[in-house]
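Here is what each chain is made of, one letter per residue.
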Amino acid sequence: MWLMEIYVVKPGDSVDTIAVTQGVPVDTIIYNNQLKYPYPLAIGQALLLSKGESPQVRKAVETGGYAYPYISTDTLAQTLPYLTKLFVFSYGFTPQGDLIPPKTDDTFMIEMAAANHTAPILTVTPFGPDGRFNNYLISSVANDMEVQSRFIEQLTERVSGR
């Protein structure tokens, strides 16, 4: 049987302590009450607790967004709490498979994503040296094993931080 109860937050309560004392999974409390990390609670706040077997199975949702290094930090800060993945569009590459680093440093994006428990995903974009989209670049990497090897080697070095 599935029951819904209201729990009123007391001094010293946290999502974890309420879960233990009430026998409710932490993720259920967070989900039912749409709490956002770091899950601050206010004394006197009413929380909806579901006890027993849930009548339906919840599915995990992953959300993603993309951004370029020239994004405003305010926009990024407002968006990251709602994303599980941030696709960082910053690196281009040459027809020879050499990475072209971003003109604007993307480190702040990676650090802000990590601080918000959002996975930063390096997204290589077919931007040429002129900074413009170029379909030929994809063909050059896809059809030449030597270019592919150079490209993969440089990507691996970038990701591993060497």
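Keep in mind that what you see is a predicted model, and the values were worked out from it rather than measured.

Q: Quick question: what am I supposed to make of the pattern of salt bridges here?
A: Side chains carrying opposite charge are able to pair once their charged atoms draw close together. Counted by the stated rule, this structure contains four salt bridges. Of the charged contacts in the structure, one is a salt bridge between E5 and K51, with a shortest N-O distance of 3.3 Å. Of this pair, E5 sits in strand β1 (residues 2-8) while K51 is found in strand β2 (residues 46-52), placing the two residues 46 residues apart along the sequence. With relative accessibility at 32%, the residue E5 sits in the partly exposed group.

Q: Help me understand the environment of D13 in this model?
A: Its location among the elements puts D13 in the loop between β1 and α1 (15-22). Along the backbone, D13 and P40 are 27 residues apart, and their C-alpha atoms lie at a distance of 9.9 Å. Those residues in contact with D13, other than ones at most four positions away along the chain, are Y7, V8, I18 and L41. A polar contact is formed between the side chain of D13 and the backbone nitrogen of K10, at a distance of 2.7 Å.

About the cut-offs
- Residues numbered from 1 in each chain as written.
- Predicted model: local features only at pLDDT ≥ 70, side-chain atom pairs only at ≥ 80, totals over all residues.
- Heavy atoms only, no water.
- Salt bridge = Lys/Arg side-chain N within 4 Å of Asp/Glu carboxyl O.
- Helix = DSSP H or I, 4+ residues; strand = E, 2+ residues; numbered from the N terminus.
- Buried < 20%, exposed > 50% of the residue type's maximum accessible area, 1.4 Å probe, protein only.
- Contact = heavy atoms within 4.5 Å.
- Polar contact = N/O pair within 3.5 Å; in protein donor to acceptor, adjacent residues only side chain to side chain.

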